[in-house]
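Given next are the chains, with one letter for each unit.
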Amino acid sequence: MNIWFAEIWRAWRAMLRRPGFLLLASGVLALGIGASVAVAALVQDSLWRPLPVPRASRLVVIGNMRDNGQVDTISPHEYQSLGKLESVASLALERPGSTVNVAGAGVPAQVPVIYMDRHLLPTLELRPVLGRNFSAAEDSPHGPPAVLISHGFWQRRYNGTHDVIGMRLDVEGMPHTIVGVLPAALNTVLGPGDVVLPMALPLVSYDVNRNGHTAIARMAPGATIATVSAEADAHERTMFREMGMGGNWKKPRYRAESLAAAVQQDARPLLLLFLAGALLVLLIALVNLVNLMLVRSLSRHHDLAVRSALGAWRLRLLLPALGEGLLVGGCGALLGMALATTGLALLRGYIPARWLWHGGLQVGAMAWALAFAMGLLGALLAAGLALWRSRHATPADELREGGRSGIGLRGGRLGRLLVVAQVALAAMLLSAAGVLVHVLHGASQLELGFADGNVLTFDLAPVQADYPDAAAVQALAQRLMQRLKTIPGVTDAVATTTLPISHGMLEQGQTQVTLPGGETFLTQYHGIEPGFFKLFGIPLIRGRTFTRNDARGSEGVVIVSQDLADKYYGGHALGRMIDVHGVGDAMRTARIVGVVGATYQMGPLQQRQPVLYAPLAQVPERMMALFRSLEPLRFALRGHGSMADWRAGVREALAEIAPGQPIGNLRSLHSIVRATTATARLSLWLIGLFATLALLLAAAGLYAVMAVAVAAREREFGVRMALGAAPSRLLVLVLRGGLLQVAVGLALGIGAAWLVAHAVSQVLMTLVGRGGAFDPLVMLGVAVVLAIAGGVACLLPALRAARVAPMRALRGE
């Protein structure tokens, strides 16, 4: 055993005296370990950890089935029709709201809200930290006003006091009694929400069109997701037939899926793409490490031949390589964990909060164990393959040639195959990154249809007790806009139900429109104040904009976007009549008085949607109530000067016009535009980083193999030059051999990228709302980049071959 330690220590001392190889090899390994551990930590926190509720595997969501097979939301009436499923032990309903105004125990504020029925906590098998759940009376229309608060809100607002139960919290100006404090796990399942209000559904709800509600069920013993899906679909078919709305369903329309999958459905495709990219980088790093170990083994051949001739046994000859593998693996693991920890710290601020529903990104003991396992096993495997490759070199040849026999052409096949594999894997990663860059670049060139510079926005949800109807809300908006225009530097101010680009629940702002011929369609419905189009720079194409004369009681007027006019009116919409369906109101007829430019409501990465604009004063009462239940009003200011000064002016104006009214999301319109592409930019950054690492590692691996090949053939090159071969011919000979490996790897990599094009397209559709998988121009760019990198990697060994001195090679000096 002492001999073993002595050999390993001797190998370590030799590497530490000349640490260049140790730094290079452990650095290559660290890149792969760092990338894979960092992404694995992110994936573990987002996808692999179970939901923090009892028996989470028995929880499902039930709803409408989307085209991609995922479960969508349902309406209250659809939920009530599911109440007697035999495969379900309990069923509950929840709906995320936007914000509500709260006052009490602190400064008035806008906070996120969740609506749920009293069955949700029992279905999840969760109990309040303090207090109790909603009672049946509280969860009914016009019941006693009660509120539950989240664990975080309890800690922030009430400092975690146990006396909070029974305290008063004003919600939208109405006093509510705090009856319970919810566990933190509820926000993990349902998303952000500081206060929770009862759903308070009537005994029978006939609203089948108002989706946005999520039905959560706990399966009965023995039931499966398939049985719940089949039974739910059958019940919904029966319900629609009884209402005379059965239709002709050729395939299931309702289904169930696990609650964990529903919570993770937005993040899953992209995170799995990240994980695949990180694993490819790790694989390339390991392949590269093998090539570096091959170079190292070449330098030890003469020493091993001498030891073998002196009678050293076989295992002792292997100990130096194994010792070097242990040192490289340990150093690579430590450096890789340092890179992973640093990378996660840098990424934490850019990763969407919905991905970190455990609040994690912690590098724990499992990550350390994984890193050292990858490092040690990878390095030892690389050392073992290097020794196996050098089996063709015999001690007699080494002693006769004085350590200059090299490995030979036959022994170089493995290295060439490994280079081909590296180039192929790098080509796949570069192709994915290239497609993403191409799609994002195309989106960045789009005209959004509005100007986002020098615009400050904020949210205002008028307290319902103080502003109970649409007229009161508009009066407040009028007074506030007049006051905002007096802020130094502000030239324009408007109020609207929705900004030109959404950062909220835009799909809930849709309404149904009927054309004179009877055709119906859904479109975005925005209530705006006069001056909206001027402030946001949306061009008026035909007709006029709204004026103060377009008030409540006057002729109903609307303005449509150019794409709506083109699609439904053949470009001739001006002066035409249109019927707008309200929420619980009779159909309202309006005249189209203007056509304006189209805008990208969901940001440059999503498709444009037709928009119908109505004067804020003419928004129907129930439609305004719907807007207020989902989103606050949006205000926007444009001008010149410092936005920091505007922010202070906005707060002063609000305190003057509406004392005690909370304000939210005071930020620039440009920041909202950037927020719509934040996830895509993070994806581009990570995939681009992985692709760059793959390119560098592939080039380094190619250089290592070419350097070994040139060293092994040094005598051959000397003989060729002694017989009259020109240096340029040797240069071309070496370059041709290296670039041939690059070409084969490129062909395999691009072919593999073509085979997985559909999967890449699906990820892109999830990420940016548009495909673009296999683009010939992108693949050509990938080929050019890898060819240049491969040529540079081959050039130095080729120059070395061209400079071989014939007499020195022939003398063996």
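Some points on unusual backbone geometry
Its identity as a non-glycine residue notwithstanding, R55 has a phi of 45°, on the positive side. By secondary structure assignment, the location of R55 is in the loop between helix 2 (20-48) and strand 1 (59-64). The class for R55 is exposed, based on a relative accessible area of 51%. Phi is positive for N159, which is not a glycine, with a value near 55°. Classification of N159 as exposed rests on a relative accessible area of 67%.

Remarks on the environment of G641
Mapped onto the elements, G641 comes out in the loop between strand 20 (633-639) and helix 19 (643-657). A sequence separation of 187 residues divides G641 from N454, and the C-alpha atoms of the two residues are 8.5 Å apart.

Quick look at the pattern of salt bridges
Between side chains of opposite charge, pairing is possible as soon as their charged atoms come close. Applying the stated criterion across every chain yields a total of 12 salt bridges. Residue R118 pairs with D139 through a salt bridge whose shortest N-O separation is 3.7 Å. Residue R118 is found in the loop between strand 3 (109-116) and helix 4 (120-124), and its partner D139 is found in the loop between strand 4 (130-131) and strand 5 (146-149); the two are separated by 21 residues along the sequence. For R118, a relative accessible area of 29% corresponds to the partly exposed category. Its relative accessible area of 7% is what places D139 among the buried residues.

Focus on the packing of helix 22 (residues 714-722) against helix 23 (residues 727-755)
At their nearest, the axes of helix 22 and helix 23 sit 10 Å apart, and the two run at 145° to each other. Between helix 22 and helix 23 lies a crossing whose hand is right-handed. Contact residues: helix 22 offers F717, R720 and M721, while helix 23 offers P727, L730, L733 and V734. Counted by class, the contact of helix 22 with helix 23 contains six nonpolar, no polar and one charged residues.

Remarks on the nonpolar core
Within the largest apolar cluster, 83 residues are counted, with the highest numbers of intra-cluster contacts made by V37, V328, F690 and L786. Residue contributions to this core peak at 15 residues, all from helix 21 (residues 678-712). Grouped together as the second largest cluster of nonpolar side chains are 39 residues, Y79, V88, V164 and A256 included.

With respect to the side chain of S26
By the secondary structure assignment, S26 is in helix 2. Apart from residues no more than four positions distant in its own chain, S26 is found in contact with V328, C331, G332 and L335.

Let's talk about helix 25 (residues 776-802)
Note: α-helices contain 3.6 residues per turn, so residues at a spacing of three or four share the same orientation. Here helix 25 is 27 residues long and its end C-alpha atoms lie 37 Å apart, about the 39 Å a rise of 1.5 Å per residue gives. A maximum bend of about 30° is found in helix 25 at L795, where proline P797 lies one to four positions downstream.

Here we look at the side chain of S668
Tracing the backbone through its elements, the reader meets S668 in strand 21 (residues 664-668). On the basis of relative accessibility, which here comes to 16%, the residue S668 falls in the buried class. Apart from the residues lying within four places of it in its own chain, the contact partners of S668 are V455, L456, M643 and R647.

Points about the packing of aromatic side chains
When we look at a pair of aromatic rings, we describe it by the centre distance and by the angle of the planes. Within the structure shown, the criterion is met by six aromatic pairs. Ring centres of F458 and F635 lie 5.2 Å apart, and the angle between their planes is 5°; this geometry places the pair in the stacked category. Remark: F635 occurs in strand 20 and F458 occurs in strand 11 (residues 455-460); sequence separation between them is 177 residues. The exposure classification of F458 matches that of F635, with both residues buried. Pairing F532 with Y613 gives two aromatic rings, centres 5.9 Å apart and planes at 50°, and the pair type is tilted. Of this pair, F532 sits in helix 16 (residues 532-536) while Y613 sits in strand 19 (residues 611-615); the two residues are 81 residues apart in sequence, bridging distant segments of the chain. Neither residue differs from the other here; F532 and Y613 are each classed as buried. Put simply, the rings of F532, F533, F536 and Y613 touch in pairs and so form one group of aromatic residues.

Here we look at the pairing of strand 11
The side chains of a regular strand alternate between the sheet's two faces. Burial of strand 11 is extensive: six of the six residues sit out of reach of the surface. Across the two faces of strand 11 the burial is the same, with V455, T457 and D459 and L456, F458 and L460 all buried. Inspection of the sheet shows strand 11 paired to strand 20 by six bridges, in the antiparallel sense. Bridged to L460 within strand 20 is L633. Sheet topology places strand 11 next to strand 21; three bridges connect them, and they run antiparallel. Residue pairing across strands places D459 opposite G664, the latter belonging to strand 21.

Re the confidence of the model for the chain
Overall, the predicted model of the chain reaches an average pLDDT of 78, with 79% of residues at or above 70. Within the model, pLDDT remains below 50 along residues 398-411, and this stretch shows 34 contacts once partners closer than five positions in the same chain are excluded. Within the model, the stretch residues 504-508 combines pLDDT values under 50 with 16 contacts to residues more than four positions away or in other chains.

Focus: the packing of helix 15 (residues 470-484) against helix 19
Interhelical geometry of helix 15 versus helix 19 gives an angle of 140° and a closest axis separation of 10 Å. In terms of orientation, helix 15 and helix 19 fall into the oblique class. Of the two elements, helix 15 crosses helix 19, and the hand of that crossing is right-handed. Contacts between helix 15 and helix 19 pair L476, R479, L480, R483 and L484 from the former with V650, A653, L654, E656 and I657 from the latter. Looking at the contact of helix 15 with helix 19, its residues break down into seven nonpolar, no polar and three charged.

Cut-offs applied
- Residues numbered from 1 in each chain as written.
- Predicted model: local features only at pLDDT ≥ 70, side-chain atom pairs only at ≥ 80, totals over all residues.
- Heavy atoms only, no water.
- Helix = DSSP H or I, 4+ residues; strand = E, 2+ residues; numbered from the N terminus.
- Buried < 20%, exposed > 50% of the residue type's maximum accessible area, 1.4 Å probe, protein only.
- Salt bridge = Lys/Arg side-chain N within 4 Å of Asp/Glu carboxyl O.
- Axes fitted to C-alpha atoms, helices over the stretch in contact; angles between N-to-C directions.
- Left-handed = near helix turned anticlockwise from the far one by under 90°.
- Contact = heavy atoms within 4.5 Å.
- Nonpolar A, V, L, I, M, F, W, Y, C, P; charged D, E, K, R; others polar.
- Core = buried A, V, L, I, M, F, W, Y, C linked by side-chain atoms within 4.5 Å.
- Expected span 1.5 Å × (residues − 1).
- Bend = angle between axes of the 7 residues up to and from the residue.
- Phe/Tyr/Trp six-rings, centres within 6.5 Å; stacked < 30°, edge-to-face > 60°.
- Pairing = 2+ DSSP bridges.
- pLDDT = per-residue confidence, 0-100.
- Parallel < 35°, antiparallel > 145°, perpendicular 65-115°, else oblique.

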